[in-house]
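Reading the structure
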Amino acid sequence: MYDPTHLRTFLAVAQTLSFTQAARRLGLRQSTVSQHVRRLEDATGRQLFSRDTHSVELTEDGEAMLGFARRLLEVQEQAAAFFTGTRVRGRLRFGASEDFVLTRLPEILEGFRYDHPEVDLELTVELSGTLHAQLAAGKLDLVLAKRRPEDPSGELVWRDDLVWIGSEQLRLDPDRPVPLIVYPPPGITRARALQALEAQGRAWRIVCTSGSLNGLIAAARAGLGVMAHSRRLIPPALLRLPDRAGLPELGKVDFVLVHGSRRGAAEGAADALAAAILAGGERLHRGPHGAR
């Protein structure tokens with residue numbers, strides 16, 4: 001009933017919220033992407049996206065289709081691997097940024113290990129900047145992390161707003177330096193926060209530095225200060241600060257998959273894991289129990 005090609009295109013648009021970015025990811029023309037989505041909408045008899053000249057958003061039916069599309073594609077890939085006899089094996093060194101600690105990435109990795117039991121998966125959780133450096137040094141085979149604005153490399157998983165977050169009780173004094181909760185260098189969100197405040201001419205002071213996301217969250221929940229964070233990955237008990245707080249805009253942040261240069265067994269395993277992450281990418285926006 002549903003063409004797998006149309007489902008893959010739908011997932012790409014749903015994860016990037018951009019027909020242009022989806023076309024780049026899939027190597028298709030934008031008109032072809034639009035055609036695939038339209039045909040899937042015809043097949044379902046439902047509108048899956050609400051779109052205008054400025055934005056693309058999933059409808060309620062589109063949200064429902066996310067889970068169906070992912071499961072349909074997973075079953076098809078499992079069947080193809082079974083009947084063709086192709087088995088992915090080898091050692092795969094995978095790096096994921098701290099941003100995914102509280103998401104459902106473990107479920108995706110669990111499914112990958114079930115589907116590819118002969119892959120020896122090694123996981124490294126680090127800051128995005130550190131992971132990119134390790135990948136360049138040949139110490140990792142695949143990285144899922146934030147991308148620096150000046151860096152065009154990587155396959156876009158999704159694009160999000162970078163926002164200021166803090167506890168509900170936090171009140172900022174406009175006459176005092178902004179209290180910042182940050183990752184250590186080379187944290188990408190740290191650099192973005194400092195650049196934005198300096199461009200605004202706003203004084204700041206660092207009240208907490210931690211290489212652990214859980215450490216940053218604990219400081220924010222205690223009301224020590226504010227932190228820059230992905231809008232769709234805001235941890236429980238923390239809120240986006242309102243515009244009246246007077247903090248500068250932080251812009252967009254890209255989450256990407258980047259492959260290493262190592263070839264051989266790692267290449268096939270890296271391709272398989274990248275496909276699993278892209279297919280299940282909407283689960284990366286949700287907490288372990290489905291909370292956004």
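Computed from a prediction, not measured in an experiment: that's the story for all the values here.

Let's shift gears to the pairing of strand β7 (residues 178-182). Most of β7 is tucked away: five of the five residues are buried. Side-chain alternation along β7 places V178, L180 and V182 on one buried face and P179 and I181 on a second face that is also buried. You can see the chain leave β7, run along helix α7 (residues 188-200) and come back into strand β8 (residues 204-209), and the turn it takes is right-handed.

Here we take up the nonpolar core. In terms of nonpolar packing, the biggest core is built from 40 residues, with F94, W164 and L273 touching the most fellow members. For this core, the element with the most residues is helix α9 (residues 265-279), which contributes seven residues. Excluding its chain neighbours within four sequence positions, the residues that come into contact with F94 are L105, L109, L121, E122, L123, T124, L140, L142, V143, L144, L273 and I277. Core analysis: the second largest hydrophobic core is formed by 20 residues, V13, A22, A23 and L58 among them.

On to a nonpolar patch on the surface. Residues V101, L123 and V125 make up a contiguous nonpolar surface patch of roughly 220 Å² in combined accessible area. Tracing the backbone through its elements, the reader meets L123 in strand β4 (residues 119-126). You can call L123 partly exposed: its relative accessible area is 47%.

The rules behind the values
- Residues numbered from 1 in each chain as written.
- Predicted model: local features only at pLDDT ≥ 70, side-chain atom pairs only at ≥ 80, totals over all residues.
- Heavy atoms only, no water.
- Buried < 20%, exposed > 50% of the residue type's maximum accessible area, 1.4 Å probe, protein only.
- Helix = DSSP H or I, 4+ residues; strand = E, 2+ residues; numbered from the N terminus.
- Right-handed = clockwise from strand over helix to strand, strands pointing away.
- Core = buried A, V, L, I, M, F, W, Y, C linked by side-chain atoms within 4.5 Å.
- Contact = heavy atoms within 4.5 Å.
- Patch = residues over 30% accessible without salt bridge, like charges linked within 9 Å, V, L, I, M, F, W, Y side chains within 5 Å.
- Areas by Shrake-Rupley, 256 points an atom, 1.4 Å probe, with all protein chains shown as cover.
- Salt bridge = Lys/Arg side-chain N within 4 Å of Asp/Glu carboxyl O.

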